[in-house]
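Listed below are the residues making up each chain.
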Amino acid sequence: MTMIFGIPIQAFLGQLLVGLINGSFYAMLSLGLAIIFGLLRVINFAHGAQYMLGAFAGYLLLTWFGIGYWPSLILVPLIVGVIGLVIEKFALSRLYSVDPLYGLLFTFGLALVLEGIFRYYFGVSGNPYPTPDLLSGGTNLGFMFLPIYRGWVVVASLIVCIGVWLAIEKTKLGAYLRAATENPRLVQAFGVNVPLLLTLTYGIGSGLAGLAGILAAPVYQVSPLMGSDLIIVVFAVVVVGGMGSILGAIVTGYILGLAEGLTKVFYPEASSVVVFVIMAVVLLVRPAGLFGREGA
Amino acid sequence: MNRPNALLSVADLHAWYGESHALHGVSLDILPGETVTLVGRNGVGKTTTLRAIIGLIRKRTGTIQFDGKDLMRLPLHRTAHTGIGFVPEERGIFASLTVEENLMLPPVVAPGGMGLKEIFDLFPNLHERRNSQGTRLSGGEQQMLAMARMLRTGVKLLLLDEPTEGLAPVIVQRIGEVLAELKARGMTILLVEQNFRFASRIADRFFLMDHGRVTADFPAGELETRMDLLHQVLGV
């Protein structure tokens, strides 16, 4: 058997793949958090709950209406996105004039309420979501066995992350978003409807969390707690990447996922804390994060 | 008493920064096509007046009429659409946008604005550096960009806050030429300017401010006879 650093290469690559898949979810979720934080200055503690909402929306669409995976891939982000629009328009937008702490407390409370509702109706045990036929099974890469669905998750998240990044960097709406992130009042004085831009941004950020949720449904169990398990790591990703840095959130998401996977190979006991150790080191060396601007 | 044919008419404008009462009843008016300069010492409320007119300061009372519309009732993002462009003192160039993106950022609010080609003819430097990061430009170029991006939008009134501040004489002269060109095209300009020599070359009319209100106003033709008063108030 081929060995690498004294570890069978199959185990090594297997953990690397697990790391890459986790990293795909970290990247998608921290991307949404970074966009929301950049423009709204709100730390969206409900992001994990919105991810959970996405998984449940897919699960309920399937069990109640028989709507399968592929339509859900479009419908779920729309549903969670529209819920996000409503939340911003009727609640969050009223908190911009007060201390940012209120936004944090509100989204934290919202996350608890959402999780509580789903716990009440569905319990804490996970519900399985079937892998779509087209993506079931696996393929032998010669050096390892790759479940096709997991490969798809990595590809899909890369497409989503690059697509969102391009939309922000290359489109007119993206230019409004970047400018308003720097100086919202001036952009509004130029005649751009910034309150609407804030609403849309929260909707898009929520929709991204929902999309991550439906992508995750066949990989992890659909459970009310799936969001809170993930969100703490995702916050660490955002801090390491630099608060509000879009590229930082994406790149750091994948890197930390891989770092976690590698730690599982070499020192499994540390795998659940390695992300936070990296966070502590980065905060000591570069307080603004790897991609953050000082004072930004 | 404000003139009935004024494009912008401000009366008894009060404004507050938090608890601090900054404007104490400013009244002024501008006719279409006029270039008007607000003069006064530091801290008398010149910048505050501009920011209250465009709506960046929300805690305000009094009346602001522009082109027949009541600006007091409009949300901030509707004000520009009545046809007012704002060039802030700090210039407000965005670091995360290229020069061209900065230029294209403000929405067009009325027909009749300059085309991109016309703007680049007027500001050749901006064309050369259109793909640079906005804040990589020199101070003078940033000021040109801050003005240029308002010319695309078709605004009728330009609020300019200290456009020559901190710039070299040759750039100041260039800005003077640009303002003369805009004036020739019929733009109405409300200028706040510490550089009195610069202002005296282009203004049609002066409003003198002190302690948050307008204390005198006179046309450029009376400048000679008013110099004593200006020396006394401005210390120039």
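Our subject is the structure listed above.
Reference entry: report on the structure contained in this document. Residue positions are given per chain, counting from 1 as you read along its sequence in written order. Chain letters start at A and ligand numbers start at 1, both assigned in the order the entries are written. Given that the model is predicted, a residue must reach a pLDDT of at least 70 before its local features are reported, and side-chain atom pairs must reach 80 or more before they are shown or counted; all residues, however, enter totals for whole chains, interfaces and linings. To get the side-chain values, take all heavy atoms of the structure and skip hydrogens and water.

1. Quick notes on the overall build of chain A
Point 1. Helix and strand content of chain A: 11 helices and four strands.
Point 2. Taken over C-alpha atoms, the radius of gyration comes to 19 Å for chain A, in line with the 19 Å a tight globule of 296 residues would show.
Point 3. Referenced to the eigenvectors of the C-alpha coordinate spread, the extents of chain A come out at roughly 65 × 50 × 35 Å.
Point 4. Counting across all 296 residues of chain A, residues that qualify as buried make up 51%. Numbered from the N terminus, helices here are DSSP runs of H or I no shorter than four residues, and strands are runs of E no shorter than two. Only C-alpha atoms enter the radius of gyration, while the globule expectation follows 2.2 Å times N to the 0.38, with N the number of residues. Exposure is judged per residue with a 1.4 Å probe applied to protein chains only, and the accessible area is read against the type maximum: over 50% gives exposed, under 20% gives buried, and values in between give partly exposed.

2. Overview of the overall build of chain B
Point 1. For chain B, the count of helices and strands is nine helices and 10 strands.
Point 2. Expected size for 236 residues packed as a compact globule is a radius of gyration near 18 Å; at 17 Å, chain B falls within 12% of this value.
Point 3. Seen through its principal axes, chain B has C-alpha atoms that stretch 45 × 40 × 35 Å.
Point 4. Buried residues in chain B amount to 54% of all 236 residues.
Point 5. Contact criterion: two residues are considered in contact whenever any of their non-hydrogen atoms come within 4.5 Å of each other. Within chain B, counting contacts between residues at least 6 apart in sequence, those at least 24 apart form 68% of the total.

3. So, the nonpolar core
Across soluble globular proteins, nonpolar side chains have a tendency to be buried as a group.
Point 1. Each nonpolar core is a collection of buried residues, namely Ala, Val, Leu, Ile, Met, Phe, Trp, Tyr and Cys, held together in the definition by side-chain atoms within 4.5 Å. F25(A), L8(B), L179(B) and L190(B) are the most contacted members of the largest nonpolar core, which totals 161 residues.
Point 2. It is helix α1 (residues 9-40) of chain A that contributes the most residues to this core, 16 residues altogether.
Point 3. Beyond its immediate stretch of four places on either side in the chain, F25(A) contacts Y51(A), V153(A), A212(A), L215(A), A216(A), Y220(A) and L230(A).
Point 4. Counting residues in each nonpolar core, the second largest holds 12 residues, with A199(B), F218(B), V233(B) and L234(B) among its members.

4. Quick word on the packing of helix α2 (residues 47-65) of chain A against helix α3 (residues 69-90) of chain A
All names here are of chain A.
Point 1. Angles run from 0 to 180 degrees between N-to-C directions of axes, and those axes are lines fitted to C-alpha atoms, restricted for helices to the stretch in contact. Where α2 contacts α3, the axes come no closer than 9 Å and their chain directions differ by 135°. Of the possible angle classes, the one that applies to α2 and α3 is oblique. Every pair of crossing elements has a handedness; the one defined by α2 and α3 is right-handed. Where α2 approaches α3, its residues Q50, L53, G54, A57, G58 and L61 are matched on the opposing element by S72, L75, V76, I79, V80, I83 and I87. These descriptions rest on fixed angle ranges, namely under 35 degrees for roughly parallel, over 145 for roughly antiparallel, 65 to 115 for roughly perpendicular, and the rest for oblique. What makes a crossing left-handed is the near helix being turned counterclockwise from the far one by less than a right angle; a clockwise turn instead makes it right-handed.

5. Let's talk about the interface of chain A and chain B
Interface size, as often reported, equals the accessible area lost upon joining of the parts.
Point 1. With 18 residues of chain A at the contact, the number on the chain B side is 23 residues.
Point 2. Using a 1.4 Å probe, buried area is obtained as the accessible area two parts lose upon being combined, added over both of them. Summed over both partners, the interface of chain A with chain B comes to about 1800 Å²; 62% of that surface belongs to carbon and sulfur atoms.
Point 3. Between Lys or Arg on one side and Asp or Glu on the other, a salt bridge is scored when a side-chain nitrogen of the former is within 4 Å of a carboxyl oxygen of the latter. Where chain A touches chain B, the interface holds one salt bridge.
Point 4. Of the charged contacts in the structure, one is a salt bridge between R178(A) and E101(B), with a shortest N-O distance of 2.9 Å.
Point 5. N or O atoms closer than or at 3.5 Å make up a polar contact, with two conditions inside protein: a donor-capable atom paired with an acceptor-capable one, and, for residues adjacent in sequence, both atoms drawn from side chains. Scanning the region where chain A abuts chain B turns up nine residue pairs in polar contact (both at pLDDT 80 or more).
Point 6. For the side of chain A that touches chain B, the secondary-structure elements that each account for two or more residues are α6 (172-182) and α7 (184-189) of chain A.
Point 7. Ranked by the residues each element gives to the side of chain A that touches chain B, the list is headed by α6(A), at six residues.

6. Notes on the environment of P111(B)
Point 1. Structurally, P111(B) can be placed in the loop between α3 (99-104) and α4 (116-122).
Point 2. Taking the C-alpha atoms as reference points, P111(B) and V155(B), separated by 44 residues in sequence, lie 8.6 Å from one another.

7. Remarks on the sheet that holds strand β2 (residues 20-30) of chain B
All names here are of chain B.
Point 1. The strand order across the open sheet built from four strands is β2-β1-β4-β5, with neighbouring strands paired in antiparallel fashion. Since the sheet does not close on itself, it has two edges, and those belong to β2 and β5 (69-70), each with one partner.
Point 2. A pair of strands is treated as paired once DSSP finds two or more bridges between them. Bridge analysis of strand β1 (residues 8-17) against β2 gives eight bridges, and the strand direction is antiparallel. In the sheet register, S9 faces β2, and the bridge partner there is D29.
Point 3. Across the sheet, helix α1 (residues 46-54) is in contact with β1, β2 and β4 (60-66); its angle to β1 comes to roughly 105°.

8. Regarding unusual backbone geometry
All names here are of chain B.
Point 1. Of note, the phi angle at R91 is positive, near 75°, even though the residue is not glycine.
Point 2. Mapped onto the fold, R91 is located in the loop between β6 (84-87) and α3.
Point 3. The class of R91 is buried, set by a relative accessible area of 13%.

9. Observations regarding the pairing of strand β10 (residues 213-219) of chain B
Residues and elements named next belong to chain B.
Point 1. Of the pairings in the sheet, the one linking strand β9 (residues 205-210) to β10 comprises six bridges and is antiparallel in character. Pairing of D210 across the sheet is with R213, part of β10.
Point 2. In sequence, β9 turns back onto β10 through a hairpin of two residues, with H211 there showing a positive phi of about 50°.

10. Quick notes on the pairing of β4(B)
Residue and element names in this part refer to chain B.
Point 1. Sheet analysis places β1 next to β4, joined by six bridges and oriented antiparallel. The partner of H14 across the bridge, within β4, is T61.
Point 2. Direction of pairing for β4 relative to β5: antiparallel, over a ladder of two bridges. Bridge pairing links Q65 to D70 in β5.
Point 3. Taking the residues that link successive antiparallel strands as the turn, the β4-β5 hairpin has two residues, and the phi of D67 there is positive, at about 55°.

11. Here we look at α1(A)
Point 1. Expected span of a helix: the number of residues minus one, times 1.5 Å. For α1(A), which comprises 32 residues, the first-to-last C-alpha distance of 45 Å matches the rise-based estimate of 46 Å (1.5 Å per residue) to within 8%.
Point 2. Burial analysis of α1(A) places 24 of its 32 residues in the buried class, which makes it a mostly covered element.

12. Overview of a nonpolar patch on the surface
Point 1. On the surface, a cluster of nonpolar side chains totalling about 380 Å² of accessible area is made up of L247(A), V251(A), I255(A), L290(A) and F291(A).
Point 2. The topology assignment puts F291(A) in the segment after α11 (274-285). Each patch is built from salt-bridge-free residues with over 30% relative accessible area, joining like charges within 9 Å and nonpolar side chains (Val, Leu, Ile, Met, Phe, Trp, Tyr) within 5 Å. Per-residue accessibility takes into account occlusion by the displayed protein chains alone, with areas from the Shrake-Rupley method and a 1.4 Å probe.

13. Looking at the pattern of salt bridges
Residues and elements named next belong to chain B.
Point 1. Enumeration over the complete set of coordinates arrives at 15 salt bridges over all chains.
Point 2. Salt-bridge contacts for D67 lead to K69; the nearest nitrogen and oxygen are separated by 4.0 Å.
Point 3. By relative accessible area, which is 36% here, K69 ends up partly exposed.
Point 4. Salt-bridge contacts for R226 lead to E222; the nearest nitrogen and oxygen are separated by 3.2 Å.
Point 5. In this structure R226 comes out as partly exposed when scored by relative accessible area, which is 26%.
Point 6. You can call E222 partly exposed: its relative accessible area is 31%.
Point 7. The structure contains a network of salt bridges with shared partners spanning D67, K69 and K156.

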